[in-house]
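# Remarks on the overall topology
Single-letter residue listing:
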Amino acid sequence: MKEKVDYLLKSMGVVPSSFEGNRLVYTPINGTEIGSVQDTISSVKEMLPTIKQSTEAFNEWKNVPGPQRGELIRLFAEQLRIYKQPLGELVTIENGKILQEGLGEVQEMIDICDFAVGLSRQLYGLTIASERPGHKLMETWHPLGPVAVITAFNFPVAVWSWNFALAIVCGDSVIWKPSEKTPLTALACQQLFLNAVDNFNEKFDDVPENLSQVVFGGPQAGAALAESDKIKLVSATGSTQMGQFIAPYVASRLGRYLLELGGNNGMIVTPSADLDMALKAIVFSAVGTAGQRCTTLRRVIVHEDIHDDLVRKLKKAYNTISIGNPLDEKNLVGPLIDGSAFGDMELSLSVAANEGGTVFGGERVLEDKFSSYGYYVKPAIVEMPEQSAIVKRETFAPILYVMKYSDFDDALEMHNDVPQGLSSCIFSTDIRETEKFLSTSDCGLANVNIGPSGAEIGGAFGGEKETGGGRESGSDAWKSYMRRATNTINYSTELPLAQGIKFDIGD
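Residues numbered from 1 in each chain as written. Predicted model: local features only at pLDDT ≥ 70, side-chain atom pairs only at ≥ 80, totals over all residues. Heavy atoms only, no water.

Time to look at the pattern of salt bridges. For the coordinates displayed, the defined rule picks out 23 salt bridges. Of the charged contacts, one joins Glu71 and Arg74 as a salt bridge, the two residues approaching to 2.8 Å between their closest N and O atoms. Of this pair, Glu71 and Arg74 both sit in helix 3 (residues 66-82), three residues apart, which is roughly one turn of that helix. A relative accessible area of 19% means that Glu71 is categorised as buried. Residue class for Arg74 comes out partly exposed when judged on its relative accessible area of 32%. Close ionic contact of Glu464 with Arg471 constitutes a salt bridge, the shortest N to O distance being 2.5 Å. Each of Glu71, Arg74 and Glu78 takes part in salt bridges that share partners, so that together they form one network. (Salt bridge = Lys/Arg side-chain N within 4 Å of Asp/Glu carboxyl O. Helix = DSSP H or I, 4+ residues; strand = E, 2+ residues; numbered from the N terminus. Buried < 20%, exposed > 50% of the residue type's maximum accessible area, 1.4 Å probe, protein only.)

On to the packing of helix 1 (residues 2-11) against helix 4 (residues 84-95), then. Where helix 1 contacts helix 4, the axes come no closer than 9 Å and their chain directions differ by 145 degrees. Along this stretch, helix 1 crosses helix 4, giving a crossing that reads as left-handed. Taking contact as the criterion, the partners of Lys4, Val5, Leu8, Leu9 and Ser11 in helix 1 are, on helix 4, Pro86, Glu89, Leu90 and Ile93. Across the contact of helix 1 with helix 4, the residue classes tally to six nonpolar, one polar and two charged. (Axes fitted to C-alpha atoms, helices over the stretch in contact; angles between N-to-C directions. Left-handed = near helix turned anticlockwise from the far one by under 90°. Contact = heavy atoms within 4.5 Å. Nonpolar A, V, L, I, M, F, W, Y, C, P; charged D, E, K, R; others polar.)

Let us now look at unusual backbone geometry. Even without being glycine, Ser371 reaches a positive phi, approximately 75 degrees. Assignment of secondary structure puts Ser371 in the loop between helix 13 (367-370) and strand 14 (376-377). Despite not being glycine, Ser475 shows a phi value in the positive range, around 55 degrees. With respect to the helices and strands, Ser475 occurs in the loop between strand 22 (472-473) and strand 23 (482-490). Residue classification places Ser475 among the partly exposed residues on the basis of a relative accessible area of 42%.

What follows is about the environment of Lys181. Summarising the element assignment, Lys181 is placed in the loop between strand 6 (174-177) and helix 7 (184-201). Lys181 gets classed as partly exposed once you look at its relative accessible area, which sits at 36%. Sequence separation between Lys181 and Gly356 is 175 residues; the distance between their C-alpha atoms is 35 Å. Side chain to side chain, Lys181 and Asp338 meet in a polar contact 3.0 Å long. (Polar contact = N/O pair within 3.5 Å; in protein donor to acceptor, adjacent residues only side chain to side chain.)

So, on to helix 9 (residues 240-252). The end-to-end C-alpha distance of helix 9, which contains 13 residues, comes to 19 Å, matching closely the 18 Å that a straight helix rising 1.5 Å per residue would cover. The principal kink in helix 9, of about 25 degrees, is found at Ile246, preceding the proline Pro248 by one to four residues. Within the sequence span of helix 9, burial applies to Thr240, Met242, Gly243, Ile246, Ala247 and Val250. If you follow the buried residues of helix 9, they end up packed against strand 5 (147-150), helix 8 (219-227), strand 8 (233-237) and strand 9 (257-260). Trailing helix 9 by a residue or two, Leu254 shows a phi angle of about 55 degrees, which is positive. (Expected span 1.5 Å × (residues − 1). Bend = angle between axes of the 7 residues up to and from the residue.)

Across the sheet, seven strands lie side by side as 12-15-16-11-10-18-19; this open sheet has mixed pairing. In the strand order of this sheet, the two ends are held by strand 12 (358-360) and strand 19 (445-448), each with one partner. For this sheet the average axis-to-axis angle between neighbouring strands, irrespective of direction, equals 20 degrees. As paired strands, strand 18 (residues 423-427) and strand 19 are joined by four bridges and run parallel to one another. Within the sheet, the bridge partner assigned to Ser424 lies in strand 19 and is Ala446. (Pairing = 2+ DSSP bridges.)

General note: in soluble globular proteins, nonpolar side chains tend to be found buried as a group. Grouped together as the largest cluster of nonpolar side chains are 132 residues, with contacts concentrated most on Leu72 and Phe76. Contact partners of Phe76, with chain neighbours within four places excluded, come to Met109, Cys113, Trp160, Phe164, Cys189, Leu192, Phe193 and Ala196. By size, the runner-up hydrophobic cluster in this structure holds 20 residues, among which are Ala148, Ala221, Ala224 and Ile246. (Core = buried A, V, L, I, M, F, W, Y, C linked by side-chain atoms within 4.5 Å.)

Turning our eyes to something else, we now look at the packing of aromatic side chains. The final tally for this structure, using the stated rule, is 14 aromatic pairs. Ring centres of Trp160 and Trp176 lie 4.3 Å apart, and the angle between their planes is 10 degrees; this geometry places the pair in the stacked category. With Trp160 in helix 6 (residues 158-169) and Trp176 in strand 6, this pair connects stretches of sequence that are 16 residues apart. Aromatic pair Phe200 and Phe204: ring centres 4.8 Å apart, planes at 35 degrees, arrangement tilted. Among the residues examined, Phe200 registers a relative accessible area of 1% and is labelled buried. Looking at Phe204, the relative accessible area reads 24%, which means it is partly exposed. Through a chain of ring-to-ring contacts, the aromatic side chains of Phe76, Trp160, Phe164, Trp176 and Phe193 assemble into a single cluster. The residue whose ring lies beneath Lys97 is Phe155, and the NZ or CZ to ring-centre distance is 3.6 Å. Above the face of the Phe342 ring, Arg364 is positioned so that its terminal group lies 5.6 Å from the ring centre. (Phe/Tyr/Trp six-rings, centres within 6.5 Å; stacked < 30°, edge-to-face > 60°. Lys NZ or Arg CZ within 6 Å of the ring centre and 35° of its normal.)

In structure tokens:
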């Protein structure tokens, strides 16, 4: 497998041996070593030169016109189109998601780049009616500064690109700390961006060195970025616990952060639902990426009249799911990222059973084929008598809890009664139910007759409560990467005060 990874990296211009170091990288496919990187940052002091370089790059890049900044991202998208296949394969090998999902992740990168290119000519501010004659009131947007992006293993390149593409067109520099579990994809992305820089400089020669930097390290590397007042935005994606670790560092200096944290996503299935559609949505949303998406479906709240029929169909569908090597296109589910993830899944299923749940599936499989370090599992369905404590806690694994309801208002209350608030959905053909759900769901994403996962880049992505409140990707999420100024311009020969205040200082 290492030879395959070396080949993929070299095809994208990365020389693997130049990054060898103390941190070994393993593929979840069979647990073998596929490379290594050198931890570059372990303290605030060690981070200072990187931040200084990023600040210097920002001071140059902010003066480049927005459409030219968009041209750089357009060229980056060209590189992604050329190297979509090898980058998608690398994502699959390093992360364990099936190849179709690995390629889909690269497509997300291409899509957000296309969005950012258009955005580069639309960094609009408002003009506002002034209450004073001879005055104009308006808001303007300006580049923010160096941005730190901290990403998780489950979407090792797409989530970075959501931040990176917008930050670059907004005039910012970027320091990326990828997950310790998936650093090789970061090397590939950095090289593809440098390829785009070379192509851009042939025409404009305006890209400063160190506009994009990648640093490797553990939690202390993230803390070093969060502590620095030179970092104007910290965008961090990961568990709620990670957000609780990072946020105090930024808050202590009254800095700005964008957090994309845990999800415990629910679906309400009503008696009027199209069950065939609901079934397909449940299976993909619950088992895709081996249950390791932040938008994975983890709770189904189904009306008691159709509960038994839906559960029967779900179990039948789960029995047909092909589990195995994610590079083999016949398989729909690959491995968990590592043994720790498997341990969390085992523990949660045990607790669920003790809390009255009936467990279907969840056992480890294929250990003889992929060694003891390949953690393949059967996705689990757990019928719960109520939404107990374990159901309210996110477990990053393919566990689907199923609960009954009889009254629709009770279903809505149950749906919102978890600490997380990322994505949600309802399957119903009753417009009263769907509209009430959309106005009641306390999540950042609320869908009708479609699952909770697979968000498009055109809409802002993020959630409420312990999900962190951040918004990335489309819509007006670009405002997070810029600073706003309100401008008042007096073009008259008088000096009237706002609110009609009279303040005469005489002649």
